[in-house]
Amino acid sequence: MTDTRRRVKLYALNADRQWDDRGTGHVSSCYVERLKGTSLLVRAESDGTLLLESKIQPDTAYQKQQDTLIVWSEGDNFDLALSFQEKAGCDEIWEKICQVQGKDPSVEITQDIVEESEDERYDEMSDSVQPVELPACEMGRLEDISELVNSCLVSPTRKDKLAAALESQHYIKKLLNLFQMCEDTENIEGLHHLYEIFKSIFILNKNTLFETMFADDTIFDVVGCLEYDPSLPQPKKHREYLRELAKFREAIPIKNKDLLAKIHQTYRVQYIQDIVLPTPSVYEDNLLSTLSSFIFFNKVEIVKLIEEDERFLTDLFKLLMDSKTPDVKRRDLVLFLKEFCNFSQNLQPQDKDAFYKTLVSLGILPALEITLSIDDQKTKTASIDILTYIVEFSPSVVRDYTLQQANNTEEEQMLLNIVIEQMLRDRDPELGGAVQLMGVLRILLDPESMLASVNKSEKADFLNFFYKHSVQTLIAPLLDNTTGETPLKEDYHTVQLLGLVLELLSFCVEHHTYHIKTCILNKDLLRRILVLMRSTHTFLVLGALRFMRKIIALKDEYYNRYIIKGNLFAPVIDAFLRNNGRYNLLDSAILELFEFIKLEDIKSLCSHVVENYGKILEDVEYVQTFKALRTRYDQHQDKLKERDRVSGSVGVSEAVVPSLLRSRYRREARQPDDEEEMWFNDEDELEDEAPLDTAQTHAHHALDAIGKIVEKKVSPTAEVANGPSRVLSASPKPQTDVQVSPTLLSKGLVDYDGDSDEEEESGTSGTSGTSGTNEERDAKRPRLA
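Note that the coordinates shown come from a computational prediction; the quantities given were computed from them, not determined experimentally.

Caption draft 1: Highlighting the environment of phenylalanine 317. Relative to the assigned elements, phenylalanine 317 resides in helix α13 (residues 310-320). For phenylalanine 317, a relative accessible area of 3% puts it in the buried group. The sequence separation of phenylalanine 317 and leucine 359 amounts to 42 residues, and the corresponding C-alpha distance is 9.2 Å. In this structure, phenylalanine 317 is in contact with Leu337, Leu359, Leu362, Gly363 and Ile364, ignoring residues within four places of it in sequence.

Caption draft 2: Up close: the confidence of the model for the protein. Summarising the model, the protein shows a mean pLDDT of 79, and 77% of its residues fall at 70 or more. Across residues 114-129, confidence stays below pLDDT 50; counting only partners more than four residues off in sequence or on other chains, it has 16 contacts. With pLDDT under 50 throughout, residues 676-785 is counted as low confidence; its partners more than four residues away or in other chains account for 165 contacts.

Caption draft 3: Region of the structure containing the side chain of aspartate 385. As for its placement among the helices and strands, aspartate 385 is situated in helix α17 (residues 377-393). Apart from residues lying up to four places away in sequence, aspartate 385 is in contact with Lys338 and Gln436.

Caption draft 4: Spotlight on the pairing of strand β1 (residues 7-13). Of all seven residues in β1, six are buried; the element is thus mostly enclosed. The pairing of β1 with strand β2 (residues 19-32) spans seven bridges and is classified as antiparallel. Residue pairing for β2: leucine 10 is matched across the bridge by glycine 23. Between β1 and β2, which follow one another and run antiparallel, lie five residues, and arginine 17 among them has a positive phi close to 65°. Bridge count between β1 and strand β7 (residues 79-84): five bridges; the pairing is antiparallel. Of the residues in β7, the one forming a bridge with valine 8 is phenylalanine 84.

Caption draft 5: Spatial organisation of helix α18 (residues 395-404). Every buried residue of α18 is accounted for by Pro395, Ser396, Val398, Arg399, Tyr401 and Thr402. Buried residues in α18 make contact with α16 (364-371), α17, α19 (415-424), α20 (432-444) and α21 (458-469).

Caption draft 6: View of the pattern of salt bridges. Summed over all chains, the structure comprises 32 salt bridges. Notably, a salt bridge pairs aspartate 91 with lysine 87, separated by 2.8 Å at the nearest N-O pair. Of the two residues, aspartate 91 and lysine 87 are both situated in helix α1 (residues 87-101); the distance of four residues between them amounts to about one turn of the helix. Given a relative accessible area of 41%, lysine 87 falls into the partly exposed group. Between arginine 141 and aspartate 144 there is a salt bridge, with the nearest N and O atoms lying 2.9 Å from each other.

Caption draft 7: Molecular detail of α13. Phe312, Leu313, Leu316, Phe317 and Leu320 are the residues of α13 that are buried. The arc enclosing the buried residues of α13, seen along the axis, measures out at 115°, which places them on a common side. Those residues of α13 that are exposed and angled more than 90 degrees off the buried face are Glu310, Arg311 and Lys318. Check the buried side of α13 and you find it contacts α12 (289-308), α14 (327-344), α15 (349-362) and α16. Between the side-chain oxygen of the N-cap and the backbone nitrogen of arginine 311 there are 3.2 Å, and the N-cap of α13 in question is aspartate 309.

Caption draft 8: Just the nonpolar core, in detail. Counting 133 residues, the largest nonpolar core has Leu505, Ile520, Leu526, Ile552, Phe569, Phe594 and Ile597 as its most contacted members. Looking at this core, the element that brings in the most residues is helix α23 (residues 492-511), giving 11 residues. Non-local contacts of phenylalanine 594, meaning those with residues more than four positions away in its chain, are made with Phe569, Val572, Ile573, Val609, Thr625, Phe626 and Leu629.

Caption draft 9: Just the packing of α16 against α17, in detail. Packing of α16 against α17 brings their axes to within 9 Å, and their N-to-C directions diverge by 150°. With respect to α17, the element α16 is oriented roughly antiparallel. Our pair here, α16 against α17, has a crossing hand that is left-handed. Contacts between α16 and α17 pair Ile364, Leu365, Leu368 and Thr371 from the former with Thr379, Lys380, Ser383, Ile386, Leu387 and Ile390 from the latter. Of the residues belonging to the contact of α16 with α17, the class tally is six nonpolar, three polar and one charged.

Caption draft 10: Broad picture of the sheet that holds strand β4 (residues 50-55). Strand order in this open sheet of seven strands is β4-β3-β2-β1-β7-β6-β5, and the pairing throughout is antiparallel. The sheet terminates laterally at β4 and β5 (63-65), the two strands that pair on one side only. The sheet shows a mean angle of 30° between the axes of neighbouring strands, taken without regard to direction. As judged from the three bridges shared by β5 and strand β6 (residues 69-73), these two strands associate in the antiparallel manner. Looking across to β6, one finds that glutamine 63 is bridged to valine 71.

Reading guide: rules and limits
Residues numbered from 1 in each chain as written. Predicted model: local features only at pLDDT ≥ 70, side-chain atom pairs only at ≥ 80, totals over all residues. Heavy atoms only, no water. Helix = DSSP H or I, 4+ residues; strand = E, 2+ residues; numbered from the N terminus. Buried < 20%, exposed > 50% of the residue type's maximum accessible area, 1.4 Å probe, protein only. Contact = heavy atoms within 4.5 Å. pLDDT = per-residue confidence, 0-100. Pairing = 2+ DSSP bridges. Salt bridge = Lys/Arg side-chain N within 4 Å of Asp/Glu carboxyl O. Arc of directions from axis to C-beta. Polar contact = N/O pair within 3.5 Å; in protein donor to acceptor, adjacent residues only side chain to side chain. Core = buried A, V, L, I, M, F, W, Y, C linked by side-chain atoms within 4.5 Å. Axes fitted to C-alpha atoms, helices over the stretch in contact; angles between N-to-C directions. Parallel < 35°, antiparallel > 145°, perpendicular 65-115°, else oblique. Left-handed = near helix turned anticlockwise from the far one by under 90°. Nonpolar A, V, L, I, M, F, W, Y, C, P; charged D, E, K, R; others polar.

This is the structure we're talking about:
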């Protein structure tokens, strides 16, 4: 059976003065030949690896704290701590350390702390010999005591000597007795001296003194001393708050007395640190590091004690999910869980992982589905906090749970949809809960945090789930508000929510590919969002513009053709003209969009803007953006004419067609990633919708359209969208040598959906010089394998 007495956690203090958990194991003390002395060894309980091998040095200062902690320093800035599961194990190792150093095990510290600097050692040589002599603890000597304590703060050695004297003479309890006498006799001057004394004692930063001051029978008197700040006209009422106003509410009765005492102590010490003590200056940040460590270890111990209670959490979740539980009681349960999760933030990653796995196994996520929907602000806010803790630590846990709901839960009851619904229904004027939930959704939808392996593809599965079951809930208020030419609702609450939805959709455009693309094309989403360009709220106009800018930044021809066909630059140009040249953020944002089109040389968008809005924008002279666009457009047209002139009527044999096809039918910005490949291969995608332009039909139509161009001859009267093509002379070559216009290929007039190519074929079928039936020509067209 495992010896639990010697079961410990090893901690090391990092550069941020926080304790890092180095692992759990079992400690022993034995002679190590290599180190030539008795050493402390800690072996990991998981695999027996050596976590610590530390020789007990005769001059190292070991401190025993809270009956289960041993703390010491190795080197200049390397502090270690052993946290024992049982007091008996701590006492056993402590006795071994004291035996090696020749000390009495009753002491709490084995050595005086030695200075780091040689100069300081020399300066304080006399102090290391002579201890600090405290005045008699009497009412008339309070001023002398205050001056002595304050004078010791300038030297680390004198601070240690003073702390040792205070502890050995039980001086703190004597001072607290004087405090009671001063209050009874209303001795304000004496109370002011006691305030200064105890404020200085806190700066001594000694855990042994804290244990005395924070005991149940002394902590309220310590708080009382700190009420009498001489700089205030009236004393504070901290004790009144702690005793009467701060009510301890047990969600479930706590039977463990040690746990109960630790909870009370931690709350009061946290209150002293945050409220009672004066705010430290930037130069005093580390003066209360031991106080922070005291609170840290208390919180770790509270979480450990609750987790070890087999019945407590089980009863709590049973009561939380019981439909008969009153709302007031359920609120207390949720508030307890929130505080419990808050304390867990002090755990190290491996312990925190086990902590959240325990909560998930007990049903925290189904419980949150209930509590998030309760019409009580405190319950809802605490539930949002708990969900945020879980998602920030492990979003995969929530994703796995939502994927399990795909086939056995109604859409409105799915956790993801509940989160979206609560975000959209937030009644807070500042939308605090909605902003927090938007952050949760953003983490869940971030592909960077999604897992992918041979047997599991979280990225594809979760995004498929979201766009099939949840995206319609997210965009519903946006679609409802943009049915006309202007937004239907312009109240501040509505536009703030729409701004959050736009921010999330912009994130999706940037980080998702075919999922959000199909949604935008099927729902005509960009057109509806651009209705918001006519909003009276500038931030919402900028949000709509930012959404379009994210789309254009992808340089995706699907999107570009969608924008051109829908004439979707019209709302942007309209907003630009209405702004009337005012020097503001909207003007700069619109100009930056067109500047991007020019710099990236997006030919299709450049041609569209110049051909449709060139005359409207030619009078804009305070920037050169539109003139530069016109110049870029003219240069492009000149290049096309030059190619036509040089090409003449040169034919292209079928032997070179494949390479031309490959060069034209490639994505300009990037190649499809794994997500897109999985999207293409998914036969069930969007089966309930009627897609406008799906990825697969685009691909088929694209190659079909290219085949049509390759096989037919161009009529002498044929014209294309971006300018006339040269007439090609008929070639006397056999049918296998197909003639093609270099202009058509070089200009990239390949319709991804094949519409314009089919129109051209129907318009020139009567003059085609290609022999053979339609079936024969179709047989020669390249197809997808």
